[in-house]
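Coordinate inspection notes
Here is how the chains run, residue by residue.
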Amino acid sequence: MASRFSKIFSHARGNVIAMIHVPALPGAPLHRRGSVQTILDTVQREAETYVRCGVDGILIENMHDVPYVRRNVGPETTASMSAACCAVRKIAPSSTPCGIQILAGANKEALAVAKAAQLQFIRAEGFVFSHVADEGWMDGDAAEVMRYRRAIDAEDVCVFCDIKKKHSSHAVTEDVSVAEMAHAADFFCADGVILTGLSTGHAADSSELRSVQAANPQLPVIIGSGITDKNFMDFASAQAFIVGSYFKEGSHWRGAVSESRVSSLVQAVRNSRHS
């Protein structure tokens, strides 16, 4: 039976998911007072660039809302992200899957936005096991998230979850391997898992990819940080790459999207699928 992942993404491996880092939203300390339309114009310009370059998917995230609220974001954040996602969905063709992550760990809110904005997936952190994040202690919320998905009739929205996620301490689960954590995510109905490096822009460990795939061959694995034109082949067996920092000027997530960087990596990955 086809996985949920294969129903929304075109390729068996190497799908390039481009990240849109939404400007700071109303209520966030770095928000520039003024019209929300300015934010929507920005995300639409980035979406236009990504679509023009032929990415395989788009992920929308409130990265600029530092410091992040743990789990219980305000209604202004959910409403603003809904507007941003609807703006991107207007630009991206229906054949391009779009997703959302709401930091930090606001997975139920992300599902609600995905349902309303007709998105195909969410990126969920803190889904299984517990860890210490920048925002503090975070417990797994898989039971709440999957019941909520059922309750709002959003079962067509895939849940891709981070395991041993970046920007976090995992000392409490030091005796749980990344492969075992992936198995737990699969058991708790995740539609795929995401592997990252230690922080934004840092590469994942390719040995962890091999370990997870060997132990969980049916589970889609996505690389969630640090992909570049130099290292993507180290992760060629992954089903997808989430790319943010590399697509920006200076390879920094705060930079402007560089169309040449996007086009170059998309074409390189495309060529590798046929090699």
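Scroll up to find the structure this text is about.
We now turn to the structure provided with this report. (Residues numbered from 1 in each chain as written. Predicted model: local features only at pLDDT ≥ 70, side-chain atom pairs only at ≥ 80, totals over all residues. Heavy atoms only, no water.)

1. A few points about the packing of aromatic side chains
Aromatic ring pairs are described here by two measures, namely the spacing of the ring centres and the angle between the planes. Note the threshold: Centres within 6.5 Å make a pair out of two Phe, Tyr or Trp rings, where for Trp the six-membered ring is used; the pair is then stacked when the planes are under 30 degrees apart, edge-to-face when over 60, and tilted otherwise. Secondary structure is summarised from DSSP: a helix means a run of H or I of at least four residues, a strand means a run of E of at least two, and numbering begins at the N terminus for each. Type-normalised accessible area, obtained with a 1.4 Å probe on protein chains alone, sets the label of each residue: buried when under 20%, exposed when over 50%, and partly exposed for intermediate values.
All told, the structure shown has 7 aromatic pairs when counted by the stated rule. Pairing F5 with F160 gives two aromatic rings, centres 5.8 Å apart and planes at 55°, and the pair type is tilted. Separated by 155 residues along the polypeptide, F5 in helix 1 (residues 4-8) and F160 in strand 7 (residues 158-162) bring together distant segments of the chain. The buried category is assigned to F5, whose relative accessible area is 3%. Note on F121 and F160: the rings are 5.5 Å apart at their centroids and 40° apart in plane angle, and the pair reads as tilted. In this pair, F121 is assigned in strand 4 (residues 121-124) and F160 in strand 7, connecting sequence segments 39 residues apart. In terms of burial, F121 and F160 fall into one category: buried.

2. A short note on the layout of surface pockets
In this approach the atoms are scanned with a rolling probe the size of a water molecule, which exposes any empty space left behind. Definition in use: In the cavity and pocket records, a cavity denotes points on a 1 Å grid over the protein atoms alone where a 1.4 Å probe fits but cannot get out, a pocket denotes an open set with protein on both sides within 12 Å along at least 5 of 7 lines, and lining residues are residues with an atom within 4 Å of a point. Grid points are joined across faces, edges and corners, and a volume is the space filled by probe spheres set on the points. Asp, Glu, Lys and Arg are counted as charged, while Ala, Val, Leu, Ile, Met, Phe, Trp, Tyr, Cys and Pro are counted as nonpolar; the rest, among them Gly, fall into the polar class.
Here the second largest pocket defines a volume of roughly 380 Å³. Forming the boundary of the second largest pocket are 18 residues, of which P23, A24, R32, I39 and T42 lie nearest the centre. Element by element, the count of residues in the lining of the second largest pocket is highest for helix 2 (residues 36-53), at 4 residues. Here the lining of the second largest pocket is composed, by residue class, of 6 nonpolar, 8 polar and 4 charged.

3. Describing the packing of helix 2 against helix 8 (residues 259-272)
Put simply, the test is: Fitting a line to C-alpha atoms yields each axis, with helices limited to the stretch in contact; the angle taken between N-to-C directions then spans 0 to 180 degrees. Each crossing is labelled by how the near helix is turned from the far one, with a counterclockwise turn of less than a right angle marking it left-handed and a clockwise turn marking it right-handed. Residue contacts follow a heavy-atom distance rule, with two residues in contact if any of their heavy atoms lie within 4.5 Å.
Look at helix 2 against helix 8: their axes get within 9 Å of each other, and the N-to-C directions meet at 35°. Two packed elements cross with a definite hand, and for helix 2 against helix 8 that hand is right-handed. Between helix 2, through T49, Y50, R52 and C53, and helix 8, the contact on the second element is made entirely by E259, V262, S263, V266 and R270. Taken together, the residues of the contact of helix 2 with helix 8 break down into 4 nonpolar, 2 polar and 3 charged.

4. Notes on helix 6 (residues 178-187)
Residues of helix 6 that are buried include every one of V178, A179, M181, A182, A184 and A185, and no others. Of the residues one or two after helix 6, C189 is the one with positive phi, at around 75°.

5. Remarks on empty space enclosed by the protein
In total, this model carries 2 cavities of 30 Å³ or more according to the counting rule given. Its volume calculated, the largest cavity comes out at about 70 Å³. Looking at the lining of the largest cavity residue by residue, the classes come out as 5 nonpolar, 4 polar and 3 charged. Within this model, the second largest cavity holds a volume of roughly 30 Å³. What lines the second largest cavity is R13, G14, F232, M233, A236, F241, V269, S272 and R273.

6. Comments concerning unusual backbone geometry
Among all residues except glycine, the phi angle is most often negative; among peptide bonds, the trans geometry is most common. Look at the link from V66 to P67: it is a cis peptide, with omega at -10°. With an omega dihedral of 0°, the bond running from L103 to A104 counts as a cis peptide bond. In this fold, A104 is placed in the loop between strand 3 (98-101) and helix 4 (107-117). Residue F129 is not a glycine yet carries a positive backbone phi of 60°. Here F129 shows up in the loop between strand 4 and strand 5 (131-133). For F129, a relative accessible area of 32% gives the class partly exposed.

7. Here we look at the pairing of strand 1 (residues 15-21)
Condition: Should DSSP find at least two bridges between two strands, the strands are regarded as paired. When the strands point away from the viewer, a crossover counts as right-handed if the route from the first strand across the helix to the second turns clockwise.
Counted residue by residue, strand 1 has 7 buried out of 7 residues, so it is predominantly covered. A two-sided burial pattern is seen for strand 1, the buried positions comprising N15, I17, M19 and H21 on one face and V16, A18 and I20 on the other. The sheet contact formed by strand 1 and strand 11 (residues 240-243) spans 4 bridges and is parallel. Each bridged residue has a counterpart across the sheet, and for N15 the counterpart in strand 11 is A240. Strand direction decides the pairing type here: strand 1 and strand 2 (residues 57-61), joined by 5 bridges, are parallel. Across the sheet, the residue bridging to H21 is E61, located in strand 2. The β-α-β motif built from strand 1, the intervening helix 2 and the parallel element strand 2 has right-handed crossover chirality.

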